[in-house]
Amino acid sequence: ARQAETRSAKGEVLSLEWAPGEAQVDFGVCDFRALGVVREVHCLVVTFPFSNVSLAQCFWGEASECVCEGLKAVLEFCGGVPTRLVFDNAAGVGRRVGEKVRTADTFMRFAAHHGFPFSFCSPDSGHEKGPVENAVGAIRRNLSVPMPRVDSLLAYNKRLLAKCMERAGKDHCLKGEPERQLFVEDQVAMAALPAKPFRAV
């Protein structure tokens, strides 16, 4: 009987519902030609599953300072703070040891400064991270092909947020409503930005 229960449990599909203002975060990698040299770039992707809008920022690494600087740019672009952030893994945010994640001090200060709750996907739980995995792949395919040529990642990142919003010109795959219109609901649900900006150093 126990094996049958296990088999039926493995065959079930868990559908996750996302409320407006909730976001999921992950890194992806792609190649850029920077000053004539091909280098690996780490792309921080923040996706809002309710609207299916995804925003990205690129860095040379995945340190907690990169996570905080990328999130800061995304939150300022959105004009608010998500109601919850769910991270695919602990890269840049902390270090996973078994079931627990020990968060980095810089990220903890950033989260406290902005007042958002955060959590991490469970290990070996692919169903929990579908939206952000899809967003990482879509941004890599649409914004990194052909290979970008950059002189400055800072300048590239300023243009990148607008490029991401250009991608949101279609209808949501499940809801049939325009993604940009649903993203307005995401923005309305967000909390206000703090009065003073966070310095990710």
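One can find the structure itself at the top, above this paragraph.
An account of the accompanying structure is given in this report. This structure is a prediction, so every number in the text was calculated from the model and none was measured. Just so you know, the residues in each chain are numbered from 1, in the order the chain's sequence is written. It should be noted that, the model being predicted, local features are given only for residues of pLDDT at least 70 and side-chain atom pairs only at 80 or more, the latter also being counted only at that level, while totals for whole chains, interfaces and linings use all residues. Each side-chain value is derived from all of the structure's non-hydrogen atoms; neither hydrogens nor water enter the calculation.

## Notes on the pairing of strand β3 (residues 53–59)
Next, step 1: Residue exposure (1.4 Å probe, protein chains only): buried if accessible area is under 20% of the type maximum, exposed if over 50%, otherwise partly exposed. Only DSSP runs of H or I with at least four residues qualify as helices, and only runs of E with at least two residues qualify as strands; both kinds are numbered from the N terminus onward. By the criterion of burial, β3 is predominantly enclosed, with seven of the seven residues buried.
Next, step 2: At least two bridges found by DSSP between two strands is the condition for calling them paired. Bridge count between strand β2 (residues 37–48) and β3: seven bridges; the pairing is antiparallel. Following the sheet pairing, Thr47 is matched in β3 by Ser54.
Next, step 3: Here β2 folds back onto β3, and the loop between the two strands holds four residues, one of which, Asn52, carries a positive phi near 75°.

## Re unusual backbone geometry
Next, step 1: Between Val145 and Pro146 the backbone carries a cis peptide bond, its omega angle lying at 0°.
Next, step 2: Locating Pro146 in the fold gives a position in the loop between α4 (130–143) and β8 (149–150).
Next, step 3: With phi around 50°, Leu35 is a residue other than glycine that occupies positive phi space.
Next, step 4: Along the chain, the position of Leu35 falls in the loop between β1 (22–34) and β2.
Next, step 5: Phi at Asn52 is positive, roughly 75°, even though this residue is not glycine.
Next, step 6: Checked against the element boundaries, Asn52 lands in the loop between β2 and β3.

## Observations concerning the packing of helix α2 (residues 64–78) against helix α5 (residues 153–166)
Next, step 1: Geometry is summarised by axes, namely lines fitted to C-alpha atoms with helices restricted to the contacting stretch, and by angles between N-to-C directions that run from 0 to 180 degrees. Interaxial distance between α2 and α5 falls to 11 Å at its minimum, and their mutual angle equals 55°. Looking at the two axes, α2 sits oblique to α5. α5 is crossed by α2, and the crossing has right-handed handedness. Along its contact with α2, which presents Ala73, Val74 and Phe77, the element α5 presents Leu161, Ala162 and Met165. Each angle receives one of four descriptions, namely roughly parallel if under 35 degrees, roughly antiparallel if over 145, roughly perpendicular if within 65 to 115, and oblique otherwise. Note on convention: near helix rotated counterclockwise from far helix by under a right angle means a left-handed crossing. Clockwise means right-handed. We call two residues in contact when some of their heavy atoms are within 4.5 Å.

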